Amino acid sequence: MHDIKAIRDNPAAFVSGWSSRGVDDAAGLVERILALDTALRTAQTAEQTALAKRNESSKLIGAAMAKKDMAEAERLKAEVESLKGEIAAAAEEATRAGGELRDLLSAQKNLAADDVPDGEDETGNVVVGQPWGKPREGGPAKDHADLGEALGLLDFEAAARMSGSRFAVLKGGLARLERAIGQFMLDVQTNEHGYLEVNPPLLVNDAAAYGTDKLPKFADDLFHTTDGRWLIPTAEVSLTATVMGQLLPESELRTPIRLTALTPCFRAEAGSAGRDTRGLIRQHQFYKVEMVSITRPEDSEAEHERMTACAETILRKLELPFRRLLLCKGDMGFGAKKTFDLEVWLPSQGMYREISSCSNCGDFQARRMDARFKRDGEKKTEFVHTLNGSGLAVGRTLVAVMENYQESDGRIAVPAVLQPYMGGITHVGG
């Protein structure tokens with residue numbers, strides 16, 4: 001959500017900011033927003049003025065009655081009755097303009113940070129620093145789907161029979177390897193990086209989904225239950241919503257609130273027809289370790305760097321080659337002001353593919369969910385900043401492990417850091 005006062009004070013900044021994020025006719029959009037803002041404030045003033053007049057006239061009725069000035073009393077009663085209509089009309093107009101303004105503002109993307117590069121799509125993303133690790137050269141480079149099926153541990157046909165496309169059945173050592181990856185990630189983020197483990201709800205209400213900018217724009221990408229709840233597309237929704245509607249003391253934010261969870265995630269993938277239709281990269285149901293931070297405004301930039309480094313640690317420990325990207329304005333998510341993506345090397349595709357996305361949302365989500373804090377000794381409140389990142393996507397990490405650790409005999413070597421979670425098993429398959 002955007003601050004209407006900021007738009008009112010500096011409309012040019014929003015015209016420029018939204019234009020750079022691909023919004024057509026941003027000038028016209030800002031003009032409509034300001035017109036609704038004017039209509040809302042005019043209606044509110046009219047309602048308040050009419051209410052004041054009604055209250056004053058009501059007091060005068062009693063005075064007129066006490067003086068037995070019945071004519072004046074009747075005139076004042078008629079005036080009060082007339083003002084009721086004015087009050088109702090003004091309130092109706094305020095409701096209309098306020099609702100339209102809220103809907104229009106909630107549908108607009110966050111403004112990008114100053115250091116985010118321009119660009120319309122992924123071709124405008126910028127590689128940050130040097131890629132880590134050496135991409136695998138030579139040797140087998142089978143696709144993970146072929147590897148899993150050849151081992152008899154990955155069954156897409158059975159999943160399709162019971163659930164349709166974009167589902168998979170993992171068996172035996174492969175199922176255990178996925179579980180080991182998730183547990184390993186969770187242990188690193190809690191034991192080494194200080195995140196608090198949370199086991200959150202997988203079903204959330206409209207307010208939580210709206211507050212984390214998933215509604216209304218991305219309703220088609222979510223699964224909706226018959227009782228009006230939403231299956232989480234990521235634990236970002238549940239973890240961030242823990243501060244929804246809260247007023248925090250500054251003492252709770254001197255060290256950022258850091259939360260993590262390993263949960264199933266559910267995505268309809270409504271806009272991904274034809275993309276990654278085979279394999280585990282783009283599924284309707286998958287596991288992910290999510291990281292969320294709640295900070296003071298002045299701390300969010302440093303926290304963003306820290307969070308991304310926490311995600312990179314997982315890839316380093318797994319010895320998986322990766323690179324960091326700074327996303328351009330056109331490829332960044334709806335609620336983000338700045339995003340780093342981590343991409344892991346997949347030998348079968350001969351390219352890097354996304355495995356983590358870490359975003360600083362500034363106060364964008366906090367405004368939508370009314371999450372505030374109060375500085376010591378201050379009366380006014382401020383919105384917190386929220387950040388979220390994958391630490392990491394478990395299914396995509398499984399894909400990367402399978403492909404980068406495949407051996408010529410078709411087996412998959414287990415990375416050293418995962419072997420304790422696998423009971424000492426060194427290979428999957430065979």
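The structure presented is a predicted model; accordingly, all values stated were derived computationally and were not measured.

The rules we used
Residues numbered from 1 in each chain as written. Predicted model: local features only at pLDDT ≥ 70, side-chain atom pairs only at ≥ 80, totals over all residues. Heavy atoms only, no water. 1 Å grid on protein atoms, 1.4 Å probe; cavity = no way out; pocket = protein on both sides within 12 Å on 5 of 7 lines; lining within 4 Å. Points joined across faces, edges and corners; volume = space filled by probe spheres on them. Helix = DSSP H or I, 4+ residues; strand = E, 2+ residues; numbered from the N terminus. Nonpolar A, V, L, I, M, F, W, Y, C, P; charged D, E, K, R; others polar. Pairing = 2+ DSSP bridges. Salt bridge = Lys/Arg side-chain N within 4 Å of Asp/Glu carboxyl O. Buried < 20%, exposed > 50% of the residue type's maximum accessible area, 1.4 Å probe, protein only. Phe/Tyr/Trp six-rings, centres within 6.5 Å; stacked < 30°, edge-to-face > 60°.

Peer 1: Looking at this structure, I do not really get empty space enclosed by the protein. What am I missing?
Peer 2: One water molecule sets the probe size; rolling that probe over the atoms shows where empty space is left. Evaluation of the coordinates by the stated rule reveals 1 cavity of 30 Å³ or more. Approximately 50 Å³ is the volume attributed to the largest cavity. Every residue along the wall of the largest cavity is listed here: Ile281, Val344, Leu346, Arg353, Glu354, Ile355, Arg396 and Val399. Elements with a minimum of two residues in the lining of the largest cavity: β12 (338–346), β13 (351–360) and α12 (394–404). If one sorts the elements of the lining of the largest cavity by residue count, β13 sits on top with 3 residues. Split by residue class, the lining of the largest cavity holds 5 nonpolar, no polar and 3 charged.

Peer 1: When you look at the sheet that holds strand β14 (residues 372–374) in this model, what are you seeing that I'm missing?
Peer 2: Sheet strands pair via backbone hydrogen bonds, and the direction of the pair is either parallel or antiparallel. Read across the sheet, 3 strands follow the order β8-β14-β15 without closing on themselves; strand pairing throughout is mixed. The outermost strands of the open sheet, each flanked by one partner alone, are β8 (247–249) and β15 (382–383). Pairing between β8 and β14: 3 bridges, direction parallel. Its bridge partner lying in β14, Leu248 is registered against Phe373.

Peer 1: What exactly am I supposed to notice about the pattern of salt bridges here?
Peer 2: Charged atoms that come close allow side chains of opposite charge to pair. Counted according to the given criterion, the structure contains 34 salt bridges. Close ionic contact of Arg96 with Glu93 constitutes a salt bridge, the shortest N to O distance being 2.7 Å. Here Glu93 and Arg96 lie together in helix α4 (residues 70–106), a separation of 3 residues that amounts to about one turn. By relative accessible area, which is 29% here, Glu93 ends up partly exposed. Salt bridges here are not isolated pairs; linked through shared partners, they connect Glu250, Arg296, Glu298, Asp299, Arg375 and Glu382.

Peer 1: Got a minute to help me understand the pairing of strand β9 (residues 257–266) in this structure?
Peer 2: Within a regular strand, the side chains alternate between the two sheet faces. In terms of burial, β9 is largely enclosed, as 8 of its 10 residues are buried. Inspection of the sheet shows strand β4 (residues 196–197) paired to β9 by 2 bridges, in the parallel sense. Among the inter-strand pairings, Glu197 is bridged to a residue of β9, identified as Thr260. Relative to strand β10 (residues 285–295), β9 is paired through 10 bridges, and the arrangement is antiparallel. Residue pairing for β10: Pro264 is matched across the bridge by Tyr287.

Peer 1: It is not clear to me how the packing of aromatic side chains should be interpreted in this structure. Could you clarify?
Peer 2: Remark: the centre distance and the inter-plane angle together describe each pair of aromatic rings, the angle taken between the planes. Applying the stated criterion to the full structure yields 6 aromatic pairs. The interplanar angle of 75 degrees and the centroid separation of 6.2 Å between the aromatic rings of Phe184 and Tyr421 together place this pair among those described as edge-to-face. Of this pair, Phe184 sits in helix α7 (residues 172–192) while Tyr421 is found in the loop between β17 (412–413) and β18 (427–428), placing the two residues 237 residues apart along the sequence. Here the aromatic rings of Phe334 and Phe364 are separated by 5.8 Å at their centres, their planes lie at 70 degrees, and the arrangement is edge-to-face.

Peer 1: Would you mind showing me how to read the pairing of β13 here?
Peer 2: Taken across its 10 residues, β13 has 7 buried, putting it largely inside the fold. Bridge count for β12 against β13 is 9 bridges, and the pairing is antiparallel. Looking across to β13, one finds that Leu342 is bridged to Ser356. Hairpin geometry of β12 and β13 is characterised by an intervening segment of 4 residues between the two adjacent antiparallel strands and by a positive phi of about 60 degrees at Gly350. Bridging between β13 and strand β16 (residues 385–393) involves 3 bridges; their strand directions are antiparallel. If you follow Asn360 over to β16, its bridge partner there is Leu387.

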